[in-house]
Structure formats: C-alpha cells, structure tokens
Amino acid sequence: MSGPGPGIALFARYPTPGVAKTRLIPALGEEGAAALHRKLVELTLAAVRDSGLPFEVRVTGASPAAFAAWLGDTVSLVPQGDGDLGARLARVEAPMLLIGSDCPDLTPTHLLAAARRLETSAAVIGPAGDGGYWLLGLAHALPECFQAMPWGTDTVAAETRARLAAVGITPVELDTLHDCDRPEDLARWPWLTA
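Residues numbered from 1 in each chain as written. Predicted model: local features only at pLDDT ≥ 70, side-chain atom pairs only at ≥ 80, totals over all residues. Heavy atoms only, no water.

Caption draft 1: How the structure looks around the overall build of the protein. Counting its regular elements, the protein contains five helices and seven strands. Mapped from its N terminus to its C terminus, the protein presents α and β elements in the order β-α-β-α-β-α-β-α-β-β-α-β. Against the globule reference of 16 Å for 194 residues, the protein gives a C-alpha radius of gyration of 16 Å, in line with a compact fold. Per-residue burial for the protein yields a buried fraction of 46% across its 194 residues. Contacts in the protein between residues far apart in sequence, at least 24 positions, make up 65% of those at least 6 positions apart. When the 15 positive and 22 negative side-chain charges of the protein are each reduced to one mean point, those points stand 1 Å apart. (Helix = DSSP H or I, 4+ residues; strand = E, 2+ residues; numbered from the N terminus. Rg over C-alpha atoms; globule rule 2.2 N^0.38 Å. Buried < 20%, exposed > 50% of the residue type's maximum accessible area, 1.4 Å probe, protein only. Contact = heavy atoms within 4.5 Å. Lys, Arg positive; Asp, Glu negative; His and termini not counted. Charge placed at Lys NZ, Arg CZ, Asp CG, Glu CD.)

If you want it as structure tokens, here you go:
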C-alpha cells in the first residue's frame, strides 16, 4: 500500500456457497448466504474506494485471479496466508486499518475518521454491537492484539482494549456499528436480502 496516512486492509473471503457466511445459512440457505456475502464485500469495497485512502484486499477462499475476475483487476490483492484470523491480521504492516466486510452501514466518513484519529493516536477501535470490532487501527505493530484471541465471540473488543491497556495504550473509540452475521441481524437491513 502506498499513499498518505494509514492504509486499509480489507479482509475478504470468496463467496463460495456453504463456506461464506455460514451462520446465515439456516436463514438464507447456502446460495443465499453466499450472495449476501458477495453484496457485503462489494458494499465495503465501494466505501473503501470512495474514502480515497490507500487499500488492499486480503483474500482467502479462492485464487487472486478469481478475486480479480470478481472485484476487478485494478484492486491490489494479497493472499491472507495460513493460520487463524489473528495470524492473518498480524501480517499487515503498520500503520494499518484492519476491516472486514460485515458492516452494511460502513461509510467512507467512518474510514476517514479512523485514519485521521490514527495520525495522532497509537490505536483506534470501531466497536461492533456484538462485542467485536468493525475496525482496528494500529500505528505500530502490536502482535499481542492478535495472538490467542477468542475470535467470533462477544469479548473480542473488550479483550483487545485490555491488551492495549497492558502496553499503556488507550484506543480512540469510533462509532459503534453493527455486523450482519446471524439470522437475527437480517431484520436491521431488509434491503440486503430484497
């Protein structure tokens, strides 16, 4: 990534039925969950592009060529590599803004606010309504934020704050956004499945 300020690393899984958005399969079926995931990645990528910040898409679940056919050949694609989510997140060089593709309400304004705050802070966190986070920004590498984390639980944001506090960092708190991960989340955005 190159350009002013921190870059965005958007983590994206290929929308393969039966693999993408598995917690939504009971409500939408394998094809429906994959289609929703495809839409969420495309929405997130549009917000990232519109922010004007440098970015790359960290990919898993298919070859970079398959992602390029889907997202366009002008997108910088980087394989996530092996390991759990923490190992894959820790590979992104700081300064960094790490995001997934689970927040339909994410806007370029959210991303620009995070980038601005990271210019004068060691860390920023965008808490998610489910106890995780929709963004983590770090000015410097802090691998302890990613090791042995209980990913997918409602304690990820709190545990991340505790680990930052242990090294003397109080992160800047951004707006709380909501993830679309579970069947009960779908009612918040009826247009996603219309």
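Moving on, there is more to tell.
Caption draft 2: Molecular detail of the packing of aromatic side chains. Applying the stated criterion to the full structure yields three aromatic pairs. Plain terms: the ring middles of tyrosine 14 and phenylalanine 67 are 5.3 Å apart, the flat faces sit at 80° to each other, and that makes the pair edge-to-face. Highlighted residues: tyrosine 14 in the loop between strand S1 (7–13) and helix H1 (25–51) and phenylalanine 67 in helix H2 (residues 64–71), separated in sequence by 53 residues. Phenylalanine 67 sits in the buried class, given a relative accessible area of 0%. Ring geometry for phenylalanine 67 and tryptophan 70: centres 5.8 Å apart, planes at 35°, overall tilted. Residue phenylalanine 67 and its partner tryptophan 70 are both found in helix H2; the two are separated by three residues, about one turn of the helix. Accessibility expressed as a relative area gives 14% for tryptophan 70, which makes it buried. (Phe/Tyr/Trp six-rings, centres within 6.5 Å; stacked < 30°, edge-to-face > 60°.)

Caption draft 3: Main features of the environment of leucine 112. Turning to its location among the elements, leucine 112 is positioned in helix H4 (residues 108–118). Placed 64 residues apart in sequence, leucine 112 and valine 48 show a C-alpha to C-alpha distance of 9.4 Å.

Caption draft 4: Representation of H1 within the structure. Taking 1.5 Å per residue as the helical rise, H1 with its 27 residues ought to reach 39 Å, whereas the 32 Å between its terminal C-alpha atoms falls clearly short. Of all the bends in H1, the greatest measures close to 80° and is centred on glutamate 31. Listing the buried residues of H1 in full gives Ala33, Ala34, Leu36, His37, Leu40, Val41, Thr44, Leu45, Ala47, Val48 and Ser51. Just beyond H1, the residue with positive phi is glycine 52, at close to 80°. (Expected span 1.5 Å × (residues − 1). Bend = angle between axes of the 7 residues up to and from the residue.)

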